[in-house]
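# Topology and contacts: notes
The lines below spell out each chain.
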Amino acid sequence: MRTFKRSKLSIALLSCGFIMSSGGLYAQENVETTLETEKVDVKDNAKAKVKAIEVIEVTGFRRSLIESINQKRFADTVSEQITADDLGALPDVSMADALTRLPGISAVRTGGQAAEINIRGMSGGFVSTTLNGREQVSTSGQRSVEFDQYPSELISQASVFKSPKVSLIEGGVAGTVELKTASPLKNEKQHSFNVNARGMYNDLASDVPDATSSGHRFSVSYQGKFADDTLGIALGYARLFQPSASTQFIGQSYNKLRDVDGVENDTNGPTKEDGIHLNKEYVSEGFELQHKGGEETRDGFVTTIEWQPVDNFRLKLDGFYSKFDSEEFARGYRVKLDGGSAAIGNATIIDNSVIGGTFNRTYNSSTRVEVVNDDNSDSDEVKSFGINADWQITNNLNMAIDLSYSLATSDFRNGLLWALVSDDANAAEPEFDNNVSINYLLNGLDLPDVSLNQADALTDLNRVMVTKYGIYPYINSDEVTAARVDFQYSLDTNYISSIEFGARYSERKYSNDRSVFEFGSDSGFNSKEKPLTLTEDMVSVVDWQGDFSYFPSYLALDQDAVLNAWFPEGVPQPVQTWGGSASGVINGDSLGKNSDWTMKESGEVFEDIFAAYIMANIDTEIGNMSVTGNFGVRVVRTKQASTSLQDVGLTRVKDAYGEDVLDAKRDVVVEPNADLGAQFITDDAGLINQKYAPSIISNTYTDYLPQMNLNFHLTDDDQIRFAAAKVMSRPNIDRLASNSSVNINKVTTERGTYAEISGNAKNSPHLKPFYANQYDISYERYFTESDGNFVFALFYKDIKSAGIVTQTISEYDFAGNGLIVPDEYIDPLSGVPLEIRNGNFETAFNDDKGGYIKGLEVTYTQVFSFLPGLWSGLGLSASYSHTKSEIQQISKLGQQDLPISLPGLSENVLQSTLFWAHEGFETRFSARYRDEFVSEQVAVEAQTVNYDDELVIDYQASYQVNDNLGVVFQVNNVTDEPTKSYFGVQSQTGTIQYFGRQFFLGMTYAL
């Protein structure tokens, strides 16, 4: 175990009597420190002193709140904390819900559940997450972890570092979230056992046919110390079975330009590149009305073994495992307007966009109503294992070694089963009903008016026919293996208390596999892949309820029954394939489909990182004022690479005399360009492509990240913090993939003929991190007469690059950037060698349009323990953050280029919890508000939209029956707050989605 000299700050605190006011808290403190935070000695010294003067015992929510306040007080960075009384004590379904109780942190709700968090107005891609100090990978192919993968019952503490220090793993421009599991040797009890069981009910499920209404949460944990407290064991298991239900309207992007109003010289519509306004309006692709339901099952395990045979050595092994499975269905109908070709009448136009009108199908349009039955499944796993050795070599020198492994896998399968209306489903050769008329009017953030001339047909077995089946798996894996060593050397000086230095090496590998199976058509009847006539055993009629009750009914399809009838010899499975008609395939069907995207979008990304740091810890005095903190620099070398399939074309076969070899038809015989690495690549369907060369493209760069944290202790209760740092966040791991397409074409000009290389790639291994210089200053006051604090903080981030854009670069150096370029190009007609020149390359780049993010945070926490009698258990915790940014990005949605703010930025965010406890009874209301922000909604594809403001209210009440048994009641989303979004202006409706309320009733048992 580490030993430290007593700091001047801890001596001052002990002498001023602060410990007397919080004695009950420190007597019970059970906080594990990690590699990054365990260097602070104040709490350990204070804790030993307090045990002799323990007066009262604080339990429940109040205890956790006060522990969090004091951890913030003694932290050496700008940070926020959440602590639990014990494993299983946090009431939240996931850690995302728990973290949104902290100042400046908000969440994006997915399916009504908080999944991704935003910190100080920045989205999850700018947030780094660690578990027990170790980098965590993601099941989503991104940097942001999916926090609903982490059961709150298995986490004992969570910290959010808003200002970094160089000993922290780099990666969070917005901040770093550190999750911690229990340390059994630091548990105050010799043995502890906890059980938590709750039933769950969703009140919207009754409105969604086939949705499950009830679920449950269960957790059990044990911590024990053995062998004279030298061996500690912690075990935990948590299970969640959660139903989901929602009703939703989803507007789709405005993907067409058309002159609908006939007005000349429009001045508020789209413009050409030279600034001339077009006499056209934006027309939406369409909209969807859906019932959604499903079931989510999560099983989580945590294990920790600690061994401390002597005071100066500790060995700790810990493991975390979480498996999250979900089954989700979406049923309803999708209206496709095809505004480019449909007949449009009675149009309602606002902001030069058509938000309503009558759309009639014409002979050359594909205006239609699709009955949709989507079934998605997702199976995600997260594994994290580590071993840590901590050795106090001498009184001054400490060494810590940590080895870790983290793996995330995801198998997401997007399945669709779509139907269209026919003239007569029982005809020998059924035909699509071309008489389609759609009348609608958007009502902003309220539900639209919709009228369909085929409304009655949508429930008619003699009219509706299944026309398309498709399944699109996304199979990802993301793993990190890492090793780090850290040293701390204590100094006996009046300025620097210790020096820390260390290094970390990690290898990360991300893989993505795509595959597909498609049958039929969604725009009409396919004569080759014929539609299916439905029978009564395959369908059920669905009526809308509540606010949606005026929409037309529809047929819900039983997917298993439909597929078994459509494919009596067995349902075909998806494969990774070129497709029979793809370029370069030598044994395919020219009339087949081209699915070469499944090959090109599959691949691997590699990321090797070496980082080293040195940091000085400050402990000095200026006059009578104590000053603590740290400063240092972190050096990071990153090598990133990705696999690539490059089309290198074919080469002519030459005979012994150098002449072209001709076949029986007198055509030139060609073969794979082996000199450039072309190979015969066989896909899962047995199709062979001869034009592609596999390769690896890489990029290496080095960063220097200086950082500083200072804490000025003005009085015993008042302090000012200042922090400055250069920070970085790497692009999402899937954006580093190389899916480039390169072509060589002959170009003839007045000056001659040459061969030009051109290409494109939506991702790139040459993408660099996002950088920012950031500054924090805060004033903190801690109350000694009662429990609580007041914090006022200002922050400023100078963002150097805030996004990834697609740019076209002329005269791109293809060979210099790792792409395969032939030495010469032979004119296929003349056989003459041509000069090769670099042409245009459209690829992803870090934008150069940075800017500032600035804001303030105000936090007030007060336990009114000074009030008389039962009112002494009353308390309030509230925070407000205001964030602004000059950064504007362009979101390309269909034909619209919409200026948007940074994704995740809400200008105003408020959180508050009002709680009261008395004689075993505890109750609390929590409210979370955020105003409008930008994020993604999912329609047919992901769409970036503006979300309206939202207020989510939760309630919880509990009663401790005796020392061991307690009961709890909880309601999440008390007011059934929906999510609502729009495309730039509220008249262009995006999403209107209701999730229902969740009710919990259960018990806790502790020994």
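### Considerations on the overall build of the protein
- For the protein, the helix and strand inventory stands at 8 helices and 54 strands.
- The proportion of buried residues among the 1007 residues of the protein is 56%.
- If you take every contact in the protein between residues at least 6 apart in sequence, the share linking residues at least 24 apart comes to 74%.
- In the form shown here, the protein has an accessible surface area of approximately 40500 Å², with 51% of it arising from carbon and sulfur atoms.

### Side note on the sheet that holds strand β7 (residues 175-180)
- Spatial ordering of the open sheet is given by β1-β6-β7-β4-β5, a layout of 5 strands whose pairing is mixed. The sheet is open, and its two edges are formed by β1 (79-83) and β5 (134-135), each paired on a single side.
- Pairing between strand β6 (residues 157-161) and β7: 5 bridges, direction antiparallel. Residue pairing across strands places Val-160 opposite Val-177, the latter belonging to β7.

### Re the nonpolar core
- Among the nonpolar cores identified, the biggest contains 62 residues, and Tyr-333, Val-466 and Leu-534 are the most heavily contacted of them.
- Residues in contact with Leu-534, not counting those within four places in the same chain, are Leu-461, Val-464, Val-466, Val-539, Leu-557 and Val-562.
- Among the nonpolar cores identified, the runner-up in size contains 44 residues, and Met-95, Ala-107, Met-122 and Ala-772 belong to it.

### Examining the pairing of strand β22 (residues 496-514)
- One ladder, built from 17 bridges, connects strand β21 (residues 464-490) with β22; its direction is antiparallel. From the neighbouring strand, Thr-481 faces β22, where its bridge partner is Glu-507.
- Remark: 5 residues form the turn of the hairpin made by β21 and β22, two consecutive strands paired antiparallel.
- Judged from the 16 bridges that link them, β22 and strand β27 (residues 603-622) form a sheet pairing that is antiparallel. Following the sheet pairing, Tyr-505 is matched in β27 by Phe-610.

### Brief notes about the pattern of salt bridges
- The tally for this structure, following the rule as stated, stands at 45 salt bridges.
- Between Lys-165 and Asp-76 there is a salt bridge, with the nearest N and O atoms lying 2.8 Å from each other. Here the residue Lys-165 occupies a position in the loop between β6 and β7, and Asp-76 occupies one in the loop between α5 (60-74) and β1, the gap between them amounting to 89 residues.
- A salt bridge links Glu-306 to Arg-314, with the nearest nitrogen and oxygen atoms 4.0 Å apart. Per residue, the accessibility class of Glu-306 equals that of Arg-314, and both read buried.
- When salt bridges with common partners are traced through the structure, they connect Lys-72, Glu-80, Arg-120, Lys-162, Asp-776 and Glu-857 into a single cluster.

### As for the packing of aromatic side chains
- Considering all chains together, one arrives at 36 aromatic pairs under this definition.
- Aromatic rings pair up to connect Tyr-333, Trp-544, Phe-548, Tyr-550, Phe-551, Tyr-554 and Tyr-994 into one cluster.
- Positioned above the aromatic ring of Phe-329, the side-chain terminus of Arg-331 is 4.4 Å from the ring centre.
- The ring centre of Tyr-754 lies 4.0 Å from the NZ or CZ of Arg-837, which sits over that ring.

### As for the pairing of strand β15 (residues 343-350)
- In this sheet, strand β16 (residues 353-360) lies alongside β15 in antiparallel orientation, the contact comprising 6 bridges. Paired with Ile-344 across the strands is Phe-359, a residue of β16.

### So, the environment of Glu-327
- Topologically, Glu-327 is positioned in strand β14 (residues 313-336).
- Residue classification places Glu-327 among the exposed positions, given a relative accessible area of 51%.
- Taking C-alpha positions, Glu-327 is 6.6 Å from Glu-296, a pair spaced 31 residues apart along the chain.
- Ignoring any residue separated from it by four or fewer positions in sequence, one finds Glu-327 in contact with Gly-293, Gly-294, Glu-295, Asn-376 and Ser-377.

### So, the confidence of the model for the protein
- Of all residues in the protein, 90% have pLDDT values of 70 or greater, and the mean over the chain is 85.
- Low pLDDT, under 50, characterises residues 1-57; the predicted model gives this stretch 130 contacts beyond four residues in sequence or across chains.

### Regarding a nonpolar patch on the surface
- Together, Ile-305, Leu-317, Ile-387, Ile-401 and Leu-403 give the surface a local cluster of nonpolar side chains, amounting to about 370 Å² of exposed area.
- By the secondary structure assignment, Leu-317 is in strand β14.

### Looking at helix α7 (residues 559-566)
- Three or more residues of α7 are buried, namely Val-562, Leu-563 and Trp-566. One face of α7 carries all of its buried residues, which in axial projection span an arc of 95°. Facing away from the buried side of α7 by over 90 degrees, the exposed positions are Asp-560 and Asn-564.
- Close packing links the buried residues of α7 with β18 (397-421), β21, β23 (517-520), β24 (532-533) and β26 (554-557).
- Put simply, Asp-558 is the residue that caps the front of α7, since its side-chain oxygen is 3.2 Å from the backbone nitrogen of Asp-560.

### So, unusual backbone geometry
- A positive phi angle, near 60°, is found at Asp-229, a position not held by glycine.
- Mapped onto the elements of the fold, Asp-229 is located in the loop between β9 (214-226) and β10 (231-251).
- Non-glycine residue Asn-973 carries a positive phi angle of around 60°.
- The topology assignment puts Asn-973 in the loop between β51 (965-972) and β52 (979-982).

### What about the environment of Ser-79?
- With respect to the helices and strands, the residue Ser-79 is situated in strand β1.
- Spatially, the C-alpha atom of Ser-79 lies 4.4 Å from that of Phe-161, the residues being 82 residues apart in sequence.
- Setting aside residues no more than four positions away along its own chain, Ser-79 makes contact with Lys-72, Val-160, Phe-161 and Lys-162.
- At a separation of 2.9 Å, a polar atom in the side chain of Ser-79 contacts the side chain of Gln-81.

### Focus on the side chain of Arg-368
- Counting through the fold element by element, Arg-368 comes out in strand β17 (residues 368-392).
- Judged by relative accessible area, Arg-368 falls into the buried class, the value being 6%.
- For Arg-368, the side chain forms a polar contact with the main-chain oxygen of Asp-522, separated by 2.7 Å.
- Excluding its chain neighbours within four sequence positions, the residues that come into contact with Arg-368 are Arg-334, Val-335, Lys-336, Arg-361, Leu-420, Phe-432, Val-436, Ile-438, Asp-522 and Ser-523.

### Looking at the environment of Pro-903
- Looking at the secondary structure, you find Pro-903 in the loop between β45 (896-900) and β46 (908-918).
- It is 9.1 Å that separates the C-alpha atoms of Pro-903 and Gly-124, two residues lying 779 residues apart in sequence.
- Among residues more than four places away in sequence, those in contact with Pro-903 are Gly-121, Met-122, Ser-123, Gln-889 and Val-934.

What counts as what
Residues numbered from 1 in each chain as written. Predicted model: local features only at pLDDT ≥ 70, side-chain atom pairs only at ≥ 80, totals over all residues. Heavy atoms only, no water. Helix = DSSP H or I, 4+ residues; strand = E, 2+ residues; numbered from the N terminus. Buried < 20%, exposed > 50% of the residue type's maximum accessible area, 1.4 Å probe, protein only. Contact = heavy atoms within 4.5 Å. Areas by Shrake-Rupley, 256 points an atom, 1.4 Å probe, with all protein chains shown as cover. Pairing = 2+ DSSP bridges. Core = buried A, V, L, I, M, F, W, Y, C linked by side-chain atoms within 4.5 Å. Salt bridge = Lys/Arg side-chain N within 4 Å of Asp/Glu carboxyl O. Phe/Tyr/Trp six-rings, centres within 6.5 Å; stacked < 30°, edge-to-face > 60°. Lys NZ or Arg CZ within 6 Å of the ring centre and 35° of its normal. pLDDT = per-residue confidence, 0-100. Patch = residues over 30% accessible without salt bridge, like charges linked within 9 Å, V, L, I, M, F, W, Y side chains within 5 Å. Arc of directions from axis to C-beta. Polar contact = N/O pair within 3.5 Å; in protein donor to acceptor, adjacent residues only side chain to side chain.

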